[in-house]
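Chain by chain, the residues:
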Amino acid sequence: MTTQEDVNIESYTEYALGMLIFLTRIFTRIMLVGFRGLYWDDLFTVVAIAFWTTDLVILQYIGVYGSSVGQTFETAAQLTDAQVESLRVGDKLTFASWNCYICLIWSMKAVVLFYYDRMTLNLWQNKLAKWIRLGTLLTFTIAFLFQYCLCTPIQNAWQVKPYPGDKCVFRRENYILYPILSIISDLGIMAIPLPLLWQVKIPLSRKLILGFLFSSGIFIIIATLLRTVYSLRSILDLLVATQWATREYLVTAFVVSAPAIKPLFSRRLWGLKGSTQTGSGDRYGSGGSGLRSGKGSKAHSHSVVVESQTNGGSGSASGSGKAFEMPSRGWPSRKGNNPKMIRLPSEASQEHIVQYSDEEAGIYVTETFTVSSEERKQANK
């Protein structure tokens, strides 16, 4: 039988591992883009840390004060005033723990959602990512409202004597609705990056690695289902639900952080920043190769490859294209320091996308533009 000490040991161990994962993610991002390059996914990582820490503290105090889980109308009527007061505090903490669970799980979904928002910048998948963010926000709102509407008036959630009923104490419906909403969100999130893999031109081995990273949300779904099944099977034992909740936290933390941590194992991050994929590309206004990495300057920029037409050709690369550095997502800079936005021709194409790199997110997005001779003449004027 599961004891409070066993749950405490496992909870602290999994919390330590989760914090190590989150802090490694933050460290990797700072190494890549600096503090100014951090984005909303990094902020939600900090939010997740805060809610996990709060929930861990709450669960420890629930072990001290107890809860009404396991009580009946008869046993509740026999409780002393001191026992009632202790359980009332424990029930309030249990209600707060449910709030932390919802906020923590959905804040980790926000981490990966905004990560994909950066990765799909200027691609059609970015619109899909925005719709899925709205859908995930909707599932979060439903979950949060259900938490407060399941047992009304709200004071019944921590009423001990007389016994308020199983709906307010066990909250069995929570174990059913929340996994459904969570899995729907996870499936939507997994649908964002997978279309990129159909278009990417990389070795099959790397494509499989990226496919594994982007479809690893299936492990979150499995952890959610296991938590649901074991919690419902042991509905009278709050320790079982606590145990499986922390396991779900750890699995989710690893899955949402893994893609952002991957660049930490790149040789370029540790001193080989000078090597680029296609040679020494020059910035806008100079000649050079058609691809350049922005990592060396602590900026997550998209490299835009401009290919000139030769003799009225069909747009094949001439080998003398120019690289335009395009700003990517990050915190807004101070007024007057914003990078210039380059106006690009309306014939711009985003069909040739996704070239693999070990630098940022495992996928390096390039865009190919065809500049006609007339446009070059007008530009020279």
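See the structure printed just above.
Calculation rules
Residues numbered from 1 in each chain as written. Predicted model: local features only at pLDDT ≥ 70, side-chain atom pairs only at ≥ 80, totals over all residues. Heavy atoms only, no water. Helix = DSSP H or I, 4+ residues; strand = E, 2+ residues; numbered from the N terminus. Polar contact = N/O pair within 3.5 Å; in protein donor to acceptor, adjacent residues only side chain to side chain. Contact = heavy atoms within 4.5 Å. Core = buried A, V, L, I, M, F, W, Y, C linked by side-chain atoms within 4.5 Å. Buried < 20%, exposed > 50% of the residue type's maximum accessible area, 1.4 Å probe, protein only. Disulfide = S-S within 2.5 Å. Salt bridge = Lys/Arg side-chain N within 4 Å of Asp/Glu carboxyl O.

Colleague: Pulling in residues and values, what's your account of the side chain of D41?
Modeller: Relative to the helices and strands, D41 is located in helix α2 (residues 40–65). A polar contact of 2.7 Å, which involves the side chain of D41, links it to the side chain of R25. Polar side-chain contacts of D41 include one of 2.9 Å to the side chain of R118. In this structure, D41 is in contact with R25, R29, V111, F114, Y115 and R118, ignoring residues within four places of it in sequence.

Colleague: So what's going on with the nonpolar core? Residues and values would help.
Modeller: Counting residues in hydrophobic clusters, the biggest one holds 52 residues, and the most contacted among them are F22, W52, Y101, M108, Y116 and Y249. Sort the elements by how many residues they give to this core and helix α4 (residues 81–119) lands first, with 13 residues. Core analysis: the second largest hydrophobic core is formed by five residues, I58, L59, I62 and L93 among them.

Colleague: For the side chain of S257, give the residues involved together with the corresponding values.
Modeller: Positionally, S257 belongs in helix α11 (residues 238–261). A relative accessible area of 0% places S257 in the buried class. Apart from the residues lying within four places of it in its own chain, the contact partners of S257 are I21, F22 and R25.

Colleague: Would you mind going over the state of the cysteines in detail, with residue names and values included?
Modeller: Here the structure, examined in full by the defined rule, presents one disulfide. Free cysteine C100: the closest other cysteine sulfur is in C103, separated by 6.8 Å. Look at C100 and you get buried, because its relative accessible area is 7%. The exposure class assigned to C103 is buried, which follows from its relative accessible area of 14%.

Colleague: So what about the pattern of salt bridges? Which residues, and what values?
Modeller: Counted by the stated rule, this structure contains nine salt bridges. D42 is the partner of R25 in a salt bridge, and the nearest nitrogen-oxygen pair spans 2.8 Å. Here R25, found in helix α1 (residues 4–33), pairs with D42, found in helix α2; they are 17 residues apart in sequence, far enough to count as distant. In terms of burial, R25 and D42 fall into one category: buried. The residue D42 makes a salt bridge to R29 at a minimum N-O spacing of 2.9 Å. With D42 in helix α2 and R29 in helix α1, this residue pair connects regions lying 13 residues apart in the sequence. With respect to burial, D42 and R29 carry one shared label: buried. One continuous salt-bridge network, built from bridges that share partners, spans R25, R29, D41, D42 and R118.

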